[in-house]
Amino acid sequence: MATLTETRTAPPTISVADRPSTLTIKPIAPFAAELTGLDFSKPVSGSLLKEINDIFATYGVVIVRKNGPTTDDQLIEFARHFGELDSVAQHRKQGIGCRVPQDEIFDVGNLNGDDQIIDLSKDPGKVASGNGNSLWHADGSFNPRRTSLSMLRAVELPPKGTGGETEFLDCRAAYADLSEEMKNKIDGLVAFHSLVHNRKVANPDSPLFKDLEVLKSPLVKHKVAQIHEPSGRPTLYVTSYTHHIDGMDLEEGKELVKELFQHVQQDKYKITHHWEEPGDLVIWDNTSVLHRATHGAYEGKYRRDMRRVSVFDPSSYGFGLNSKEDYWKQALP
Ligand SMILES: [Fe+2]
């Protein structure tokens, strides 16, 4: 495989021009596009699958308006084409997220097991995770085995204008704009990621995290600069879970993480997705974009039923610098 240095100046190798099928792509940003013409009720054939993979490689955010999968099973079936799916089996054992029966579905709306709007005043854990998800992140970067594609399906949406938008950042463009000096500096560096770090930053006053120390909590390792293998383009992998740099003075590493994280958050790399109606589906590639949820007036007031599946990253970066044993230990009952 080519090294990052060899690859980082190469142009994108994927072209989605001359597509043979009925799929239509309408770019809305260099890294995001609306997709029409995909029938989620039908099997995905070999050539169609290749075409879809090429689209996902080119666009880190793919939006399907209204005509996404009509059931959770359809979403799961579709997602399985792109790799092994993450599961909420562990959450279920702890009594979390039991509203939806399928283990592959992450219930990320605001409804409880009785199908009622969650009372946030009585659920500090939900508040904490909501705040954490409102920071820029890549799903699963705090896991030894990270996520590539996330697919989020709107089942029920609050009234328009009450918030709940999802925002995205283009990490490949952000990497490309780094100075040569910075590219050389971060080439080969490995960062530690921590769920606790994200939650502490997002919830500075919460007693849930006050006494937890990042360095004494689970940490996983992923490279800071990577090749996004589906496109061959280099990218930056620094999220709100990223804490410090392996082998670097702790404070110096935190400063570098902060500098890179601030760089990728510039408005020129950002788009805001407005959910419009049930049936909307958004697919994003956590290995080339960051995202965040936004708060809104709907919270505690209007129903918002959102369901996600997460595909484990099948690329050579999938396990980062973590041992597969750690992942399996974590996954076992
Ligand atoms: Fe997320």
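Now for a description of the structure that goes with this document. Nothing here was measured: the structure is a model prediction, and the numbers come from that model. Residue positions within a chain follow its written sequence, with the count starting from 1. Totals for whole chains, interfaces and linings use every residue, but because this is a predicted model, local features are given only for residues with pLDDT of at least 70 and side-chain atom pairs only at 80 or more, for both listing and counting. Water and hydrogen atoms were dropped before computing side-chain values, which therefore reflect all heavy atoms in the structure.

### Notes on the sheet that holds strand E8 (residues 220-223)
Here's step 1: With antiparallel pairing, three strands are arranged side by side in an open sheet as E8-E7-E11. Each having just a single partner strand, E8 and strand E11 (242-245) make up the two edges of the open sheet. With direction set aside, neighbouring strand axes in the sheet form an average angle of 40°.
Here's step 2: Relative to E11, strand E7 (residues 190-193) is paired through three bridges, and the arrangement is antiparallel. In the sheet register, Ala-191 faces E11, and the bridge partner there is Ile-245. DSSP bridges decide pairing: two strands pair if at least two such bridges lie between them. Helix numbers and strand numbers start at the N terminus; a helix is a DSSP run of H or I with at least 4 residues, a strand a run of E with at least 2. Here the axes come from fitting lines to C-alpha atoms, over the contacting stretch only for helices, and the angles between their N-to-C directions go from 0 to 180 degrees.

### As for the nonpolar core
Here's step 1: Only buried residues count toward a nonpolar core. Its members are Ala, Val, Leu, Ile, Met, Phe, Trp, Tyr and Cys residues joined through side-chain atoms within 4.5 Å. The rule is simple: take the accessible area with a 1.4 Å probe, protein chains only, and divide by the maximum for that residue type; under 20% is buried, over 50% is exposed, in between is partly exposed. Ile-52, Phe-56, Phe-78, Phe-82 and Met-151 are the most contacted members of the largest nonpolar core, which has 29 residues in total.
Here's step 2: Mapped onto this core, the elements with two or more residues apiece are strand E2 (32-36), helix H2 (46-58), strand E3 (61-64), helix H3 (72-79), strand E5 (147-156), strand E13 (281-285) and strand E15 (305-312).
Here's step 3: Not counting the four nearest positions on each side in its chain, Met-151 is found in contact with Phe-56, Leu-75, Phe-78, Ala-79, Phe-82, Leu-281, Val-282, Ile-283, Arg-307, Arg-308 and Val-309.
Here's step 4: In this structure, Cys-171, Leu-236, Val-238 and Val-257 belong to the second largest nonpolar core, which totals 25 residues. When checking whether two residues touch, look at their non-hydrogen atoms; a contact exists if any pair is within 4.5 Å.

### Description of the packing of helix H5 (residues 124-133) against helix H8 (residues 195-202)
Here's step 1: Remark: H5 packs on H8, axes separated minimally by 8 Å, with the N-to-C direction vectors making an angle of 95°. It follows that H5 is roughly perpendicular to H8 by the angle criterion. Contacts between H5 and H8 pair Ala-128, Ser-129, Asn-131, Gly-132 and Asn-133 from the former with Asn-198, Arg-199 and Ala-202 from the latter.
Here's step 2: Under the grouping applied here, Gly and all other residues not named as nonpolar or charged are polar, the nonpolar ones being Ala, Val, Leu, Ile, Met, Phe, Trp, Tyr, Cys and Pro and the charged ones Asp, Glu, Lys and Arg. Here the contact of H5 with H8 is composed, by residue class, of two nonpolar, five polar and one charged. Angles below 35 degrees are treated as roughly parallel, those above 145 as roughly antiparallel, those between 65 and 115 as roughly perpendicular, and all remaining angles as oblique.

### Brief notes about the pairing of E15
Here's step 1: Most of E15 is tucked away, with eight of its eight residues classed as buried.
Here's step 2: Both faces of E15 are covered, namely the face carrying Asp-305, Arg-307, Val-309 and Val-311 and the face carrying Met-306, Arg-308, Ser-310 and Phe-312.
Here's step 3: Two elements, strand E4 (residues 106-107) and E15, share two bridges in a ladder whose sense is antiparallel. Of the residues in E15, the one forming a bridge with Asp-107 is Arg-307.
Here's step 4: Where E5 meets E15, seven bridges bridge the pair, whose relative direction is antiparallel. Opposite Met-151, over in E15, you have Val-309 as the bridge partner.

### Points about the coordination of the iron ion
Six octahedral donors around a metal ideally make angles of 90 or 180 degrees; four tetrahedral donors ideally make 109.5 degrees.
Here's step 1: His-137 (NE2), Asp-139 (OD) and His-291 (NE2) make up the full set of protein donors to the iron ion, lying at 2.1 to 2.2 Å.
Here's step 2: Shown as donors are all N, O and S atoms within 2.8 Å of a metal ion, widened to 3.2 Å for Na, K and Ca; because water is not in the atom set, sites may appear incomplete. Sequence spacing of the donors to the iron ion: H-x1-D-x151-H.

### Description of empty space enclosed by the protein
Here's step 1: Cavity: a set of points on a 1 Å grid over the protein atoms alone where a 1.4 Å probe fits but cannot get out. Pocket: an open set with protein on both sides within 12 Å along at least five of seven lines, its lining residues, like those of a cavity, having an atom within 4 Å of a point. Grid points are joined across faces, edges and corners, and a volume is the space filled by probe spheres set on the points. Per the stated rule, a full pass over the model turns up one cavity of 30 Å³ or more.
Here's step 2: Here the largest cavity is characterised by a volume of approximately 50 Å³.
Here's step 3: Looking at the largest cavity, the residues that line it are Arg-146, Gln-226, Ile-227, His-228, Glu-229, Pro-230, Thr-235, Thr-287, Asp-313, Ser-315 and Tyr-317.
Here's step 4: Among the elements that take part in the lining of the largest cavity, strand E9 (residues 225-228) stands out by supplying three residues, more than any other.
Here's step 5: Considering only residue class, the lining of the largest cavity consists of three nonpolar, five polar and three charged.

Honestly, that's just the spatial picture; any functional story needs more than this.
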